[in-house]
Amino acid sequence: MVRYSISQPVSQVEAPRLLTGKGRYTDDVTLPRQTHGIFLRSPHAHADIVSISADAARQMPGVLAVLTGADYEADGLGNVTGASPGKLRDGSPMFRPPRPALTNDRVRHVGQAVALIVAETIDQAKDAAEAVEVDYAPLPANLSTAEANQPGTPALRAEAPNNEAMYFEQGTSDAVDQALEAAAHVVRDRFVVNRVTANTIEPRAVAAEYDDGRDHFTIYACMQRPYIWRTLMTKHVFDIPEHQMRLIAGDVGGSFGMKGGLYIEVPLIAWASKKVGRPVKWACERSEGHMADDQGRDMVIDAELGLDAEGNFLAARYTSNNNIGAYLSMIGFLTTRGIAGSMCGPYTTPLIHGRAAAVMTNTVCVSNYRAPGGTPGTYVLERMIDMAARDMGLDRVEMRRRNLIPASAMPYRLPTNATYDCGEFEAVMDKCLEKSDYAGGEARRRQSKSNGKLRGIGISTTVDPSAGPSPETAEVRFDPGGTATVIVGSTAGGQSHETIYTQIVSQHLGLEAETIRVLEGDTDKLSWGTGTGAARTATIGGTAVFKAAQKVIEKGRRIAAHILETAEADIEFDEGVFSVAGTDRSVTITEVAQTAFDQTKLPPEIEIGLYETATWSPDTNNIPNSCHICEVEIDPETGAIEIDRYTAIHDVGVELNPNSVRSQVHGGIAQAAGQALMEDMVYDAESGQILSGSFLDYAMPRADNLCNFDIGSHPVPATTNPLGVKGAGECGTVGGLAAVMNAINDALEPLGVRNISMPATPEKVWAALQEAGAA
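Residues numbered from 1 in each chain as written. Predicted model: local features only at pLDDT ≥ 70, side-chain atom pairs only at ≥ 80, totals over all residues. Heavy atoms only, no water.

**Quick notes on empty space enclosed by the protein**
Thinking step 1. One pass over the full model with this rule turns up six cavities of 30 Å³ or more.
Thinking step 2. Empty space within the largest cavity amounts to approximately 140 Å³.
Thinking step 3. By volume, the second largest cavity amounts to about 60 Å³.
Thinking step 4. Forming the walls of the second largest cavity are Asn-199, Thr-200, Glu-202, Pro-203, Arg-204, Met-258, Cys-284, Glu-285, Arg-286, Gly-289, His-290 and Asp-293.
Thinking step 5. Among the residues making up the lining of the second largest cavity, the classes are represented as three nonpolar, four polar and five charged. (1 Å grid on protein atoms, 1.4 Å probe; cavity = no way out; pocket = protein on both sides within 12 Å on 5 of 7 lines; lining within 4 Å. Points joined across faces, edges and corners; volume = space filled by probe spheres on them. Nonpolar A, V, L, I, M, F, W, Y, C, P; charged D, E, K, R; others polar.)

**A few points about the pairing of strand β15 (residues 351-360)**
Thinking step 1. Within β15, eight of the ten residues are buried, leaving the element largely enclosed by the surrounding structure.
Thinking step 2. The pairing of strand β7 (residues 164-171) with β15 spans seven bridges and is classified as antiparallel. Note that in β15 the partner of Phe-168 across the bridge is Ala-356.
Thinking step 3. As paired elements, strand β14 (residues 313-325) and β15 share ten bridges and run parallel to each other. Pairing of Ser-320 across the sheet is with Ala-356, part of β15. (Buried < 20%, exposed > 50% of the residue type's maximum accessible area, 1.4 Å probe, protein only. Helix = DSSP H or I, 4+ residues; strand = E, 2+ residues; numbered from the N terminus. Pairing = 2+ DSSP bridges.)

**Points about the state of the cysteines**
Structurally, a disulfide amounts to a covalent bond that connects the sulfur atoms of two cysteines.
Thinking step 1. Considering all chains together, one arrives at zero disulfides under this definition.
Thinking step 2. The thiol sulfur of Cys-284 is not disulfide-bonded, and the nearest other cysteine sulfur, from Cys-222, lies at 9.0 Å.
Thinking step 3. The exposure class of Cys-284 is buried, given its relative accessible area of 7%.
Thinking step 4. Of all cysteine sulfurs in the structure, the one in Cys-731 sits closest to Cys-422, which takes part in no disulfide; the separation is 14 Å. (Disulfide = S-S within 2.5 Å.)

**Re unusual backbone geometry**
Trans is the prevailing form of peptide bonds, just as negative phi is the prevailing case for residues other than glycine.
Thinking step 1. Here the bond from Met-410 into Pro-411 is cis, since omega is -5 degrees, no more than 30 degrees from zero.
Thinking step 2. Mapped onto the elements, Pro-411 comes out in the loop between α11 (396-403) and β16 (412-413).
Thinking step 3. Phi is positive for Asp-437, close to 55 degrees, though the residue is something other than glycine.
Thinking step 4. Examined against the element boundaries, Asp-437 turns out to sit in the loop between α12 (425-435) and α13 (441-450).
Thinking step 5. For Asp-437, a relative accessible area of 36% puts it in the partly exposed group.

**Some thoughts on the packing of helix α10 (residues 374-392) against α11**
Thinking step 1. Taken N-terminus to C-terminus, the directions of α10 and α11 make an angle of 115 degrees; their axes are 9 Å apart at the nearest point. For the pair α10 and α11, the crossing hand works out as right-handed. Contacts from Glu-382, Ile-385, Asp-386, Ala-388, Ala-389 and Met-392 of α10 reach α11 at Arg-396, Met-399 and Arg-400.
Thinking step 2. When grouped by side-chain class, the residues that make up the contact of α10 with α11 number five nonpolar, no polar and four charged. (Axes fitted to C-alpha atoms, helices over the stretch in contact; angles between N-to-C directions. Left-handed = near helix turned anticlockwise from the far one by under 90°. Contact = heavy atoms within 4.5 Å.)

**Quick look at the layout of surface pockets**
Thinking step 1. By volume, the second largest pocket amounts to about 500 Å³.
Thinking step 2. Along the walls of the second largest pocket sit 26 residues, with Asn-194, Asp-680, Met-681, Val-682 and Tyr-683 positioned nearest its centre.
Thinking step 3. Breaking the lining of the second largest pocket down by element, the ones donating at least two residues are β8 (185-196) and β13 (296-307).
Thinking step 4. Here the lining of the second largest pocket gets four residues from one element, more than from any other, and that element is β8.
Thinking step 5. Across the lining of the second largest pocket, the residue classes break down as 13 nonpolar, seven polar and six charged.

**Re the sheet that holds β8**
Thinking step 1. If you trace the five strands from one edge of the open sheet to the other, you get β7-β15-β14-β13-β8, paired in mixed fashion. Strands at the two margins of the open sheet, each flanked by one partner only, are β7 and β8. Direction aside, neighbouring strands of the sheet carry axes that sit 10 degrees apart on average.
Thinking step 2. Sheet topology places β13 next to β14; nine bridges connect them, and they run antiparallel. When the sheet's bridge partners are listed, Leu-307 is paired in β14 with Phe-313.

**Observations regarding the sheet that holds strand β12 (residues 280-283)**
Thinking step 1. Sheet architecture is open: seven strands sit in the order β3-β5-β1-β12-β9-β10-β11, paired in mixed fashion. Because the sheet does not close on itself, it has two edges, and the strands there are β3 (63-68) and β11 (245-248). Here the average twist between neighbouring strands, direction ignored, is 20 degrees.
Thinking step 2. The pairing of β3 with strand β5 (residues 113-119) spans five bridges and is antiparallel. Within β5, the residue paired with Val-63 across the bridge is Ala-119.
Thinking step 3. Contacts from helix α4 (residues 122-131) reach β1 (35-41), β3 and β5 within the one sheet, and its direction differs from that of β1 by about 30 degrees.
Thinking step 4. Strands β1, β3, β5, β9 (205-211), β10 (216-221) and β12 of the sheet are contacted by helix α7 (residues 265-276), whose axis makes an angle of about 35 degrees with β9.

**A word on the packing of aromatic side chains**
Thinking step 1. Here the structure, examined in full by the defined rule, presents ten aromatic pairs.
Thinking step 2. Plain terms: the ring middles of Tyr-420 and Phe-425 are 6.2 Å apart, the flat faces sit at 85 degrees to each other, and that makes the pair edge-to-face. Note on accessibility: Tyr-420 and Phe-425 belong to one class, buried.
Thinking step 3. A connected cluster of aromatic rings, assembled from ring pairs, spans Tyr-210, Phe-217 and Phe-238.
Thinking step 4. Sitting over the face of the ring of Tyr-327, Arg-157 holds its NZ or CZ atom 4.7 Å from the ring centroid.
Thinking step 5. In this arrangement the basic side chain of Arg-204 is found over the ring face of Tyr-263, its NZ or CZ atom lying 3.6 Å from the centre. (Phe/Tyr/Trp six-rings, centres within 6.5 Å; stacked < 30°, edge-to-face > 60°. Lys NZ or Arg CZ within 6 Å of the ring centre and 35° of its normal.)

**Some details on the environment of Val-63**
Thinking step 1. You can see Val-63 is positioned in strand β3.
Thinking step 2. Take Val-63: its relative accessible area is 13%, and that puts it in the buried class.
Thinking step 3. Spatially, the C-alpha atom of Val-63 lies 6.1 Å from that of Val-118, the residues being 55 residues apart in sequence.

Everything listed here is a matter of coordinates, which is why it stays silent on function.
Written out as structure tokens, the structure is:
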């Protein structure tokens, strides 16, 4: 029996279960009398549906149902929707396109579902899908992010003739105009942040069972936000009370934001279960996921940065088109808001102006993907700084240093009116410079040159505002035997939630880790929650658990006072023991919990049992920050890039578990490097067909594409939550993308390649070098 504490680098509590194949993911769910669902999806990016003929398919062996958009409409089911907090350019409410789970009139992207086939086996369902005849009338497709809202581009919907679903503007336009006009130097460029997809190790899946006797749905699905999904489905799709639906996440094999928004397949599989009177399961295949999973990034950003003659930042502006796809996913608007406000970084830039349009195209929906606004916005800012330093003949590190917000200025109010509560940005940078041997970089550059290689050194100094105001709920529940169950509204997708919650409860209640069980992601276990995303769990979920534990202590103090026959004010609690101050009389929290369930040992004024619930929301974000330094070698003969050295220092406040923090940072850097070097979701510019629709064409980073990551920390406890923690899930990606791309461009710029875009594939690098050489 062991006791854990906060900041102890303990091994993952859940690791033995998951590593030995004993986890329970959605595709592991097998329900009695289970059937299988397969979706028939559109081969066209934009087309009218003239007719659907499913009679032959319905007669095939094993087929139980072929459901179409007409059936969906006939059953009176509603749209798959989400919040719509934004506005359009004219100030009117933002446009959220109507999205029935099955369309019956028009398809608007390759892969849009037009029919659901339910059969006894997967193969029978696939065979029947091929027998469904759909007559399409193709329409012109709108596929360009940059041109989507320009005159002459085909409109996806008459209600939005300029193809804009939302427009967000922040800052002071006139003041930025004046500052840029007066600046000694202005750097301007266009940055294309390419589209990627999450490719989680666990593909999406749904299993659902409708209980006709109780008029109740039970849905198993890999997801981040089960409570929000339940609300959206019961309120907008099925029009039923929430207690008639239960959602269970189980173990989730990765998400990175992709499993955050409600997908059409979830209510459809539940509806199918009701239609056929048996459980139905659907498991997404890899190639299907590339046209059905919400994708990430895909924006075009025109950026400007004005500086005085000494390199001090005067003003910055971003103008961005953010591709949201053919429909607005549940939270697809967040990227648009995020990019417009991401220009501040850790710097003292006095004036900013951001404007961003969420544009619709005939492509798969775009949603959150590991810091959806912060990663691309930071990449652009850090590239602009390097470009300005080169143009002005100034040292890029010193340019950053003179513009970093000093620790003495905290709390610091930004020109966006947001506030940073704490941070030692210069100290983090200096620690990274030393750890990376930045001073020795030029010697390594010369050595690379002697070997016929180009060496580039990239740096980024970044912030990632995380865990903004949004509540989370936790319950700490003792049983009559004295062991504890912690139930939280979050869901884990590889972030070691069971471990950090166990550490919080073990430390604050003095319990051995083996006596603590953690449950997440089940809407019937806890009254309400928000879920996982935006690096919020350690901060918000962790604080909710902490506050529930404090309530347990307060009730336990009353029970202990009764047991020890003393006044409540005389009871002290420490290390799991209630004691009478100044005496050796004591009782453990386990004994108190056991007593709490024995009515004969309690006074009438104390309620039986020991279980407490807490809900907590922060007032503002916390500010994780980091410095990354990356060194690459490029073979000019082939364009091949090797990441040779990588160093990062992060400040995520109090680290609940340093092992888990390092794992999060490692994974974030790997995802950043993947986008910088190779990942690219490519659509044919004419037909809208997905050209990188499988792993034959969509490149994913492997271990041999990366180097050892030398990771360190500089924790400055947050002041915005009682645990002092900051979000750790995204800072690796936010700093990583900028550092890798700065390193690549640092290697290429002396040869005349000014600003190569991502992904910097060998072909693209080689072609850029040939073009620069010819010029």
